[in-house]
Amino acid sequence: MTMTLHKAPWFWAWVAALAAFLATWSLSTGGGGAALAVAALTFGSFSVLTGLGQMLVITLGPGNTDLSIPATMTLAATLSLKLMAGAGGIWIAAGLVAALAIGAGVGVVNFALIRLLRIPPIIATLSASFLYQSLAIWSNRGLRIKPPAALAEFTTGRALLGVPNLAWVALAISIVFWVLLNRSGFGRRVSAIGQNPRAARLAGVPVARTSAATYVISAVMAALAGFLLACFSGGAALNMGAEFLLMSIAVTVIGGSSIAGGNSNVPGIWAGALFMYLIVSMLNSYGLGAGVRLLSTGIIIIAIVAVASGRKG
């Protein structure tokens, strides 16, 4: 088993994440490795949540990408915080349910555009995102509503073994995704569609229904990530999900999932998310300006995705 470990699709992603951790730690001026690990787990959790949903969509095969993730995050966070209005108790549950319901609705609309209007997924989700973002702007009206104190405390806290609560949430959901993709009929159907949609249809796989479910799940994951991010950061912002568009795709491919579809990799999502956070932190350590930092991060993401795509193609 140890001899074939390096052949696992997630292995080199974790090696890269470890190397990035050591490099960033060596440049850190304070806080030590523990503080860096906590920060990486905290902020990486948001990339994991959005990456899991994006991974599911990408597994469906070429052309399947959800570009509405940032707008979905913003809309779900804005409306759920507005509903809770800072109140605790039952309103927290109501806010969470509202966020997830918004995500489910977004997923249904996305797939309806794809299926009924025959619009390519990239165009459908991108164009729909403008609608979601406009709804968020209309409902927000410049207000920044604070989350309930209990939610803010939970999302910024570390209750078990010193590991951030957000990381535990992301880990629990990752396990569910792993079981779903590797131990269930749904996961086998998603992989079959990604490998050959025509053969899957001839074999009796409900292609439309399975594809619809993946887009709904992706949107629900984006909505959950937006809800948690807003609670963590003290309120929803109209650009809060912007960085997760390319990031969700990058962590999927860096983690070992095939950009050509048919193959997903849940453990690799974590490696990709931690790697990307640590790379950005390392660039910060060099004191680069925001423009240079964003440019460098974009070049790194594009280079890794291009190399990974070529290797798997």
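Named according to an unreviewed UniProt entry, the protein chain is ABC transporter permease originating from Paracoccus yeei.

(A) Up close: the layout of surface pockets. Taken as a whole, the second largest pocket encloses approximately 320 Å³ of empty space. Along the walls of the second largest pocket sit 16 residues, with Asn 64, Phe 111, Ile 114, Val 207 and Ser 211 positioned nearest its centre. Of the residues forming the lining of the second largest pocket, the biggest block, 4 residues, is contributed by helix H10 (residues 207-233).

(B) Quick peek at the UniProt feature "transmembrane region" (unreviewed entry) in the protein chain. Taking the numbering used here, the UniProt-annotated feature "transmembrane region" (unreviewed entry) corresponds to residues 36-60, 91-114, 121-139, 159-181, 215-238, 268-286 and 292-310. Between the C-alpha atoms that bound residues 36-60 there is a distance of 35 Å. The span itself is 92% helix and 0% strand. Helix makes up 100% of residues 121-139 and strand 0%, with an end-to-end C-alpha separation of 27 Å.

(C) Here's a closer look at helix H7 (residues 165-182). If you check H7, its first and last C-alpha atoms are 26 Å apart, about what 18 residues at 1.5 Å a residue would give, namely 26 Å. By the burial criterion, the buried members of H7 are Asn 165, Leu 166, Ala 167, Ala 170, Ile 173, Ser 174, Phe 177 and Leu 181. Considering only its buried residues, H7 is in contact with helix H2 (32-58), helix H6 (149-156), helix H8 (185-195), H10 and helix H12 (266-285).

(D) Representation of the packing of helix H3 (residues 69-84) against helix H5 (residues 121-140). Contact geometry for H3 and H5: axes closest at 8 Å, N-to-C directions at 25°. As far as their axial angle goes, H5 and H3 are roughly parallel. Handedness of the crossing formed by H3 with H5: left-handed. In this structure, H3 uses Ala 71, Thr 72, Thr 74, Leu 75, Thr 78, Leu 79 and Lys 82 to contact H5, whose residues at the interface are Ser 129, Tyr 132, Gln 133, Leu 135, Ala 136, Ser 139 and Asn 140. In terms of residue class, the contact of H3 with H5 is built from 6 nonpolar, 7 polar and 1 charged.

About the thresholds
Residues numbered from 1 in each chain as written. Predicted model: local features only at pLDDT ≥ 70, side-chain atom pairs only at ≥ 80, totals over all residues. Heavy atoms only, no water. 1 Å grid on protein atoms, 1.4 Å probe; cavity = no way out; pocket = protein on both sides within 12 Å on 5 of 7 lines; lining within 4 Å. Points joined across faces, edges and corners; volume = space filled by probe spheres on them. Helix = DSSP H or I, 4+ residues; strand = E, 2+ residues; numbered from the N terminus. UniProt positions renumbered as here; feature names shortened; annotations may be inferred. Expected span 1.5 Å × (residues − 1). Buried < 20%, exposed > 50% of the residue type's maximum accessible area, 1.4 Å probe, protein only. Contact = heavy atoms within 4.5 Å. Axes fitted to C-alpha atoms, helices over the stretch in contact; angles between N-to-C directions. Parallel < 35°, antiparallel > 145°, perpendicular 65-115°, else oblique. Left-handed = near helix turned anticlockwise from the far one by under 90°. Nonpolar A, V, L, I, M, F, W, Y, C, P; charged D, E, K, R; others polar.

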